[in-house]
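# Breakdown of the fold
Residues per chain, in single letters:
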Amino acid sequence: MHIIPSAQNKLANARATFYAAINMEIPDLRIALFSGNYNYTRDGANQALNRLVGSLLDLGAAVRIYAPTVDEPDFEPTGDLISLPSWPMPVKGRSEYRLPTGLNRKVRRDLEKFKPNIVHLSSPDPSGHAALRWAQDHDVPVLSSVHTRFETYPQYYNMGFLEPLLVMMLRRFYNRCDALVAPSQSMIDELLQQKMHDDIGLWTRGVDRTIFDPSKRDLEWRRSLGLEDDDIAIVFLGRLVMEKGLDVFADSIIELRKRQAPHKVLVIGDGPARGWFEEALPGGIFAGFQTGADLGRALASGDVFFNPSITETFGNVTLEAMASGLPVVAAGATGASSLVDDWETGRLVPPGQTQGFAEALAPYCTNHDLRARHGAAGEARSREYSWEAINRVVADIYVRLVEERQAIIAKEMAEENSAA
């Protein structure tokens with residue numbers, strides 16, 4: 001493309017002004033963060049994003065968040081939140097989620113005024129694609145964080161044939177970004193194998209030890225739900241949607257009952273599939289949605305944590321269960337396989353193997369010493385996850401990407417000046 005001299009000078013001056021600092025520091029960062037769900041419905045991904053923003057603000061960076069908003073969100077956002085245009089998600093059972101539809105004039109004006117020097121995309125939705133194009137048009141580097149296995153979702157809605165297409169679409173999106181971050185080494189390995197990118201950093205997750213700790217166990221609370229002191233409570237924690245592996249959980253419990261292993265099921269959470277789950281788990285105890293200190297109490301009041309899901313890239317709930325002193329039985333998939341040490345902090349079972357899950361759960365139902373040993377080992381392992389250090393890693397990646405882009409622009413400017 002040929003640029004006339006006046007436009008060329010204007011572009012060079014704009015670049016020189018926009019990228020004045022060659023040696024970046026975290027307080028020099030101006031971050032535009034795009035999210036499909038920042039605070040309107042609570043989940044592990046947006047809680048991690050809110051913690052990240054809090055850490056970035058504490059470090060002196062400027063942050064602007066762009067995400068769909070609703071009149072009554074689940075919690076107050078951390079930082080300045082600008083509303084993205086959106087529609088209710090057009091998927092049965094997921095209408096509480098919203099699909100961002102792009103960048104309207106208001107958002108574009110706000111971006112121009114904010115002048116970010118790094119764009120962070122947390123979801124490959126239409127607004128994420130539009131924000132990526134905006135960043136490329138304005139010479140702004142882009143970091144994308146991977147929070148869930150989107151390509152696995154269609155199989156839970158009888159549309160598994162769409163998975164290859166989704167993988168192709170995700171590959172195109174992620175490879176147009178400057179770098180990715182993922183929350184577990186197992187997820188990084190999966191992304192590399194899928195050729196999603198070759199620059200992938202580790203942004204793991206932390207755990208709030210003031211909430212999740214074995215000391216939060218409450219026998220009175222258990223008794224109020226009908227759990228006797230010597231009952232072994234197998235815990236499910238998460239949003240009650242089919243892609244969390246509810247069918248595998250229920251079928252595995254049926255297999256466990258055939259083995260006559262003494263236990264009860266404690267379900268913590270709510271969601272559109274609750275009715276289905278209650279029918280599939282007769283006798284199950286449903287504690288409903290819990291948060292904060294109530295969630296810490298509920299989790300620590302269980303005895304074994306069972307997570308058959310394969311859609312997580314990390315598994316915040318698994319780490320929270322470990323911090324609460326529970327041994328973990330989980331699918332040997334992305335996320336859990338980077339957290340759970342097989343035969344040390346719990347058991348890893350091939351995804352979907354209901355008999356295998358029942359076999360792994362059964363010893364915990366009768367062996368107190370095994371439960372205590374694996375639970376204590378998991379609690380010790382969970383202490384490695386500090387939010388402050390974890391979020392500093394992302395800030396350092398921002399700085400690297402901005403400096404790399406500055407170097408490219410400086411080289412281009414030098415070449416343009418030498419050719420003039």
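Residues numbered from 1 in each chain as written. Predicted model: local features only at pLDDT ≥ 70, side-chain atom pairs only at ≥ 80, totals over all residues. Heavy atoms only, no water.

### Thoughts on the overall build of the protein
Looking only at helices and strands, the protein has 15 helices and 15 strands in total. Over its C-alpha atoms the protein spans a radius of gyration of 23 Å, differing by no more than 12% from the 22 Å that the globule rule assigns to 420 residues. Here the C-alpha coordinates of the protein stretch approximately 85 × 40 × 40 Å along the principal axes. By residue count, 52% of the 420 residues in the protein fall in the buried class. Expressed as a percentage of contacts within the protein between residues at least 6 apart in sequence, the contacts between residues at least 24 apart total 69%. For the protein, the exposed area adds up to about 18800 Å²; of that, 51% sits on carbon and sulfur atoms. Of the charged side chains in the protein, 44 are positive and 55 negative; the average position of the first set lies 4 Å away from that of the second. (Helix = DSSP H or I, 4+ residues; strand = E, 2+ residues; numbered from the N terminus. Rg over C-alpha atoms; globule rule 2.2 N^0.38 Å. Buried < 20%, exposed > 50% of the residue type's maximum accessible area, 1.4 Å probe, protein only. Contact = heavy atoms within 4.5 Å. Areas by Shrake-Rupley, 256 points an atom, 1.4 Å probe, with all protein chains shown as cover. Lys, Arg positive; Asp, Glu negative; His and termini not counted. Charge placed at Lys NZ, Arg CZ, Asp CG, Glu CD.)

### Looking at the nonpolar core
Formed by 57 residues in total, the largest nonpolar core has its most connected members in Leu29, Leu299, Phe305 and Tyr398. If you tally residues by element for this core, the top one is helix 15 (residues 387–419), at 9 residues. When near neighbours in sequence (up to four residues on either side) are disregarded, phenylalanine 305 contacts Val235, Phe236, Leu237, Leu299, Val317, Thr318, Ala321, Leu326, Pro327, Val328 and Val329. One finds Ile232, Ile234, Leu281 and Val349 within the second-largest nonpolar core, a separate group that totals 33 residues. (Core = buried A, V, L, I, M, F, W, Y, C linked by side-chain atoms within 4.5 Å.)

### Some points on the side chain of serine 309
Examined against the element boundaries, serine 309 turns out to sit in the loop between strand 13 (304–307) and helix 11 (316–323). When its relative accessible area of 5% is taken as the criterion, serine 309 is described as buried. Leaving out residues up to four positions away in the same chain, serine 309 has contacts with Glu243, Lys244 and Ala331.

### Some details on the sheet that holds strand 11 (residues 264–268)
With respect to topology, 6 strands assemble into an open sheet ordered 12-11-10-13-14-15, the strand pairing being parallel. If you trace the sheet from one side to the other, it starts and ends with strand 12 (285–288) and strand 15 (346–349), each paired once. Neighbour to neighbour, the strand axes of the sheet diverge by 20 degrees on average, direction disregarded. Pairing of strand 11 with strand 12 involves 3 bridges; the strand directions are parallel. Across the sheet, the residue bridging to leucine 266 is isoleucine 285, located in strand 12. (Pairing = 2+ DSSP bridges. Axes fitted to C-alpha atoms, helices over the stretch in contact; angles between N-to-C directions.)

### A closer look at helix 13 (residues 354–366)
Taking 1.5 Å per residue, 13 residues should reach 18 Å; helix 13 reaches 19 Å between its end C-alpha atoms and fits that length. By the burial criterion, the buried members of helix 13 are Thr354, Phe357, Ala358, Ala360, Leu361, Ala362, Tyr364 and Cys365. Those residues of helix 13 hidden inside the fold are in contact with strand 10 (233–237), helix 8 (246–258), strand 13, strand 14 (328–331), strand 15 and helix 14 (368–382). (Expected span 1.5 Å × (residues − 1).)

### What to know about the confidence of the model for the protein
Chain-level pLDDT for the protein is 90 on average; 90% of the residues reach the 70-or-more range. Low pLDDT, under 50, characterises residues 1–8; the predicted model gives this stretch 3 contacts beyond four residues in sequence or across chains. For the stretch residues 16–21, pLDDT sits under 50, and the model shows 13 contacts to residues farther than four places along the chain or on other chains. (pLDDT = per-residue confidence, 0-100.)

### Some words on the sheet that holds strand 6 (residues 118–121)
Note: strands within a sheet are paired through backbone hydrogen bonds, in either parallel or antiparallel orientation. Read across the sheet, 7 strands follow the order 3-2-1-6-7-8-9 without closing on themselves; strand pairing throughout is parallel. Lying at the two open borders of the sheet, with one neighbouring strand each, are strand 3 (80–83) and strand 9 (200–202). Here the average twist between neighbouring strands, direction ignored, is 25 degrees. Note: strand 1 (residues 30–34) against strand 6, 4 bridges, orientation parallel. The residue of strand 6 that forms the bridge with leucine 33 is histidine 120. Strand contacts of helix 2 (residues 44–58): strand 1, strand 2 (62–67) and strand 6, with the helix running at about 155 degrees to strand 2, the strand carrying the most contacts. Sheet strands touched by helix 6 (residues 185–193): strand 8 (179–182) and strand 9. Its angle to strand 9, the strand with the most contacts, is close to 170 degrees.

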